[in-house]
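Summary of structural features
Given next are the chains, with one letter for each unit.
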Protein chains: 6
Amino acid sequence: MVRGNISAIIIFCILYIQFLTFANHNQNPMNEIEKFNQYRGEMNEKILGANNKIIKRIFNLDTNTFAEGALDVKTKEMIGLACSMVLRCEDCIKYHLETVHKLGVNKEEVFEIFSIANLIGGTIVIPELRRAVEYWELLENQDQ
Amino acid sequence: MVRGNISAIIIFCILYIQFLTFANHNQNPMNEIEKFNQYRGEMNEKILGANNKIIKRIFNLDTNTFAEGALDVKTKEMIGLACSMVLRCEDCIKYHLETVHKLGVNKEEVFEIFSIANLIGGTIVIPELRRAVEYWELLENQDQ
Amino acid sequence: MVRGNISAIIIFCILYIQFLTFANHNQNPMNEIEKFNQYRGEMNEKILGANNKIIKRIFNLDTNTFAEGALDVKTKEMIGLACSMVLRCEDCIKYHLETVHKLGVNKEEVFEIFSIANLIGGTIVIPELRRAVEYWELLENQDQ
Amino acid sequence: MVRGNISAIIIFCILYIQFLTFANHNQNPMNEIEKFNQYRGEMNEKILGANNKIIKRIFNLDTNTFAEGALDVKTKEMIGLACSMVLRCEDCIKYHLETVHKLGVNKEEVFEIFSIANLIGGTIVIPELRRAVEYWELLENQDQ
Amino acid sequence: MVRGNISAIIIFCILYIQFLTFANHNQNPMNEIEKFNQYRGEMNEKILGANNKIIKRIFNLDTNTFAEGALDVKTKEMIGLACSMVLRCEDCIKYHLETVHKLGVNKEEVFEIFSIANLIGGTIVIPELRRAVEYWELLENQDQ
Amino acid sequence: MVRGNISAIIIFCILYIQFLTFANHNQNPMNEIEKFNQYRGEMNEKILGANNKIIKRIFNLDTNTFAEGALDVKTKEMIGLACSMVLRCEDCIKYHLETVHKLGVNKEEVFEIFSIANLIGGTIVIPELRRAVEYWELLENQDQ
């Protein structure tokens, strides 16, 4: 009888932990950023693995375009963020948000970039703004 | 022994209810509308909380633009819905669908707006049309 | 000698008038509207003349979509104008401007449509707004 | 006591299977394609069921446009895929990917279409490229 | 006196011919194609002359993307034409129209590409269709 | 007789100068910039004169958005230029080109902005690039 209940409790725990892990998958801030980058990484590998010369060079150009030049990296990344926003490219926004955050762009500066994008691109940019602000918060929480 | 099984059943129930609540989260019609509006509300608060003067004024303009004027609110909202559709702004479509539904625009009228948007914007608007029709149904179910 | 100068003056006049006619080609209000509609008409004829079944049916649909239905023609044309504006389709804007003008939409109403399009589509719509206001003026001048 | 544990194990199994079914919902390749097509089918039915003459004809035109003509179906579908990609219409991409896959377009050919779309449409097309490559893989796995 | 009038007539002629040359500048078919290509050539030279590594590589990629590969040049150019059309890039349309014309694509095939672009991109593509048909005619006239 | 020919010559000259002025209207660099700004100024006046509260506030916001803030004016204007370019808003590009030129952005920096816009927005941005480079040259010529 005791043996029966012990085994019951053990299975409970396994089952319960598994359930929570899955249930929390969408609430956990860290996971959102990790998941996004993991997916990007995995797919980029598959894309480059297909060995299409043109696509490989476009990916390569992407890296070079944002490298230090007559304009500094920070300025270029802020430009990239604004362009991604007016074009409503959600993944591009997340990517550039992460970079400008790493480069030390602060909340006030990011919101000025958002304001330019929203003025030029109109209110259809607002849904992207919401998701951008949500992602920016995750990036800030990650710092703590 | 009896005590052991009773506690077992109780934990089952708690666990089971928790699981179903989570599993159904995506099936429940009411929730879809609530979730959309809750997310919008929360994020808008955060956006306005950032105190960027420009963005605050754009949000403010948004309210004023659709206010009664030379054109009535209903006409303006129908125009807003059609514009959101040709620009394929899903959240904008949902928002305006909800407003025109509240303003008493009927299904036949909504589908004529959809038809104009699909003709002008082309078949790339059809995926938005599917989601719009799905959301419209949720709004109608909500009435019952 | 007199005869010589007279003939000179006559040729002057013919030449000068011809020159001015051409020079004013872009200032003359009537011409702008006429030219636009003439070009549309000629090209549509050539397009339909090519006998592509799909394109013919798209042109046919275009006519039917804006016909009286659950929504009246005026509302539909105003929706068409706003959609053309946020999509920055200059010829579409001119076409719908002419229709709403014929349907008796007044300047204040047209500007409210413009304001919705500019808010939703952003400041990139302003260049289209300038040309739309210019064309609206030509339509009003035409009335006098 | 034995009876108690047996009933416990049974409930475990039911609960556990149910949990896994739900948890795996997003991992199972087959499901992704099925789910996409099922949703499309259901919504199209509702859309056509609304009996809007214009929308019905647009859906009808969609079928005819990609029918054999001066250009063969395969070429037309490849054109449709590229256009969907530069316009970043995710559902349209999935739909045309499925069709070209059925028509025997191979991976190398599909990647050349992707490369054209990415060059013309720019790096904002890359997120769509990732999802397209993911979906293409599901279609290939489906064959085995 | 006679000398006076003769010189008058001579100056008239010079002036008149000069005037007509200018006035006809927009009617002459050959000129339209020549002017377009001359402008493209001159500006491309200036752009590449600025020695921006990224832009030079994008121009270089452009050439390679449409080279023979798993897909033949003709198919790639037809895809390029359709993409340019749904994106309403007028100069891109003209460029690809010229290439497909050189590659022997006939009028019926071109109109099927147009029909796909107009269905997918909607009626906002029609103004581009008009100009494309006009340019196609110039290309055909050039052959005679 | 002499008097007759003298008057003839005088009228020739007036007529000839007038003709050339008009004919050169499109070659003269100064004129292009002046014409653009004059048209913008005149139309903006008419737009604001229509007294639509929303549009007036959008125009007002436009000025405030690019004012010194957490980000300096130069950075904001470069962001505005890049956004205008990926959105292919020709007049917006010209306007921001003029501002960055006044703010001392040099050719190398401008071309790096162009390169970002062309990478993100794709080769459909190239026609805008051509016109931007042409306009940039006019601005530089204006300095001499």
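A quick note: this is a predicted structure, and the numbers were derived from the prediction, not measured.

Calculation criteria
- Residues numbered from 1 in each chain as written.
- Chains lettered and ligands numbered in written order.
- Predicted model: local features only at pLDDT ≥ 70, side-chain atom pairs only at ≥ 80, totals over all residues.
- Heavy atoms only, no water.
- Least-squares fit on C-alpha atoms with pLDDT ≥ 70 in both.
- Contact = heavy atoms within 4.5 Å.
- Buried area = accessible area lost by both parts, 1.4 Å probe.
- Salt bridge = Lys/Arg side-chain N within 4 Å of Asp/Glu carboxyl O.
- Polar contact = N/O pair within 3.5 Å; in protein donor to acceptor, adjacent residues only side chain to side chain.
- Helix = DSSP H or I, 4+ residues; strand = E, 2+ residues; numbered from the N terminus.
- Nonpolar A, V, L, I, M, F, W, Y, C, P; charged D, E, K, R; others polar.
- Disulfide = S-S within 2.5 Å.
- Buried < 20%, exposed > 50% of the residue type's maximum accessible area, 1.4 Å probe, protein only.
- UniProt positions renumbered as here; feature names shortened; annotations may be inferred.

**Remarks on the relation of the copies chain A and chain E**
- It takes a turn of 180 degrees to lay chain A on chain E, together with a shift of 0.0 Å along the axis; the resulting RMSD is 0.0 Å. When the rotation and shift are considered jointly, the pair of chain copies conforms to a two-fold rotation axis. Residue Ile-58 of chain A, judged by its C-alpha, is the member of chain A lying nearest the rotation axis, at 4.1 Å.
- Of the interface residues in chain A, 100% have counterparts in chain E that sit at the interface too, so the contact is made through matching surfaces.

**Overview of the relation of the copies chain F and chain A**
- Superposition record for chain F on chain A: RMSD 0.0 Å, screw rotation 180 degrees, translation along axis 0.0 Å.
- Residue by residue, 100% of the interface of chain F is reproduced at the interface of chain A, so both copies engage with the same surface.

**Re the interface of chain A and chain E**
- Every contact between the two is made by 7 residues of chain A and, on the other side, 7 residues of chain E.
- For the pair chain A and chain E, the two sides together bury roughly 650 Å², of which 69% comes from carbon and sulfur.
- Summed over the three residues of chain A that lose the most area to chain E, namely Ile-54, Arg-57 and Leu-61 of chain A, the buried surface amounts to 70% of that side.
- Applying the counting rule to chain A against chain E returns 0 salt bridges.
- Here chain A is connected to chain E by 2 residue pairs in polar contact (both at pLDDT 80 or more).

**Points about the interface of chain F and chain A**
- The interface of chain F with chain A comprises 25 residues on the first partner and 25 residues on the second.
- Interface area for chain F against chain A, summed over the two sides, is near 2300 Å², with a carbon-plus-sulfur share of 83%.
- Linking chain F to chain A there are 6 residue pairs in polar contact (both at pLDDT 80 or more).
- Elements with a minimum of two residues in the side of chain F that touches chain A: α3 (53-65), α4 (73-86) and α6 (107-121) of chain F.
- Classifying every residue of the side of chain F that touches chain A by side-chain character gives 15 nonpolar, 5 polar and 5 charged.

**A few points about the state of the cysteines**
- Enumeration over the complete set of coordinates arrives at 6 disulfides over all chains.
- Cys-89 of chain A shares a disulfide with Cys-92 of chain A; S-S distance 1.9 Å. Between Cys-89 of chain A and Cys-92 of chain A the disulfide shows an S-S torsion of about 50 degrees. By sign, it is right-handed.
- Here Cys-92 of chain A falls in the buried class, since its relative accessible area comes to 12%.
- Cys-83 of chain A carries a free sulfur, and the closest cysteine sulfur to it, the one in Cys-83 of chain F, is 4.6 Å from it.

**Examining the pattern of salt bridges**
- This model, assessed by the stated rule, comprises 41 salt bridges over all chains.
- The shortest N-O distance in the salt bridge between Arg-131 of chain A and Asp-91 of chain B comes to 3.3 Å. Of this pair, Arg-131 of chain A sits in helix α7 (residues 126-143) while Asp-91 of chain B is found in helix α5 (residues 90-102), placing the two residues in two different chains.
- According to the relative accessible area criterion, Asp-91 of chain B is buried, its value standing at 13%.
- Among the ionic pairs, Lys-35 of chain C bridges to Glu-32 of chain C, the shortest N-O distance being 3.2 Å. Of this pair, Lys-35 of chain C and Glu-32 of chain C both sit in helix α2 (residues 29-49), 3 residues apart, which is roughly one turn of the helix.
- A relative accessible area of 33% means that Lys-35 of chain C is categorised as partly exposed.

**Quick look at unusual backbone geometry**
Residues and elements named next belong to chain C.
- Even without being a glycine, Asn-51 presents a positive backbone phi close to 60 degrees.
- Mapped onto the secondary structure, Asn-51 falls in the loop between α2 and α3 (53-65).
- Residue classification places Asn-51 among the exposed positions, given a relative accessible area of 53%.
- Of note, Arg-88 is a non-glycine position whose phi angle comes to about 50 degrees, a positive value.
- Examined against the element boundaries, Arg-88 turns out to sit in the loop between α4 (73-86) and α5 (90-102).
- We classify Arg-88 as partly exposed; its relative accessible area is 23%.

**Looking at the UniProt feature "domain: Carboxymuconolactone decarboxylase-like" (unreviewed entry) in chain A**
- As annotated by UniProt and renumbered to match this structure, "domain: Carboxymuconolactone decarboxylase-like" (unreviewed entry) occupies residues 56-134 of chain A.
- In the segment residues 56-134 of chain A, helix accounts for 77% and strand for 0%; the C-alpha atoms at its two ends are 32 Å apart.

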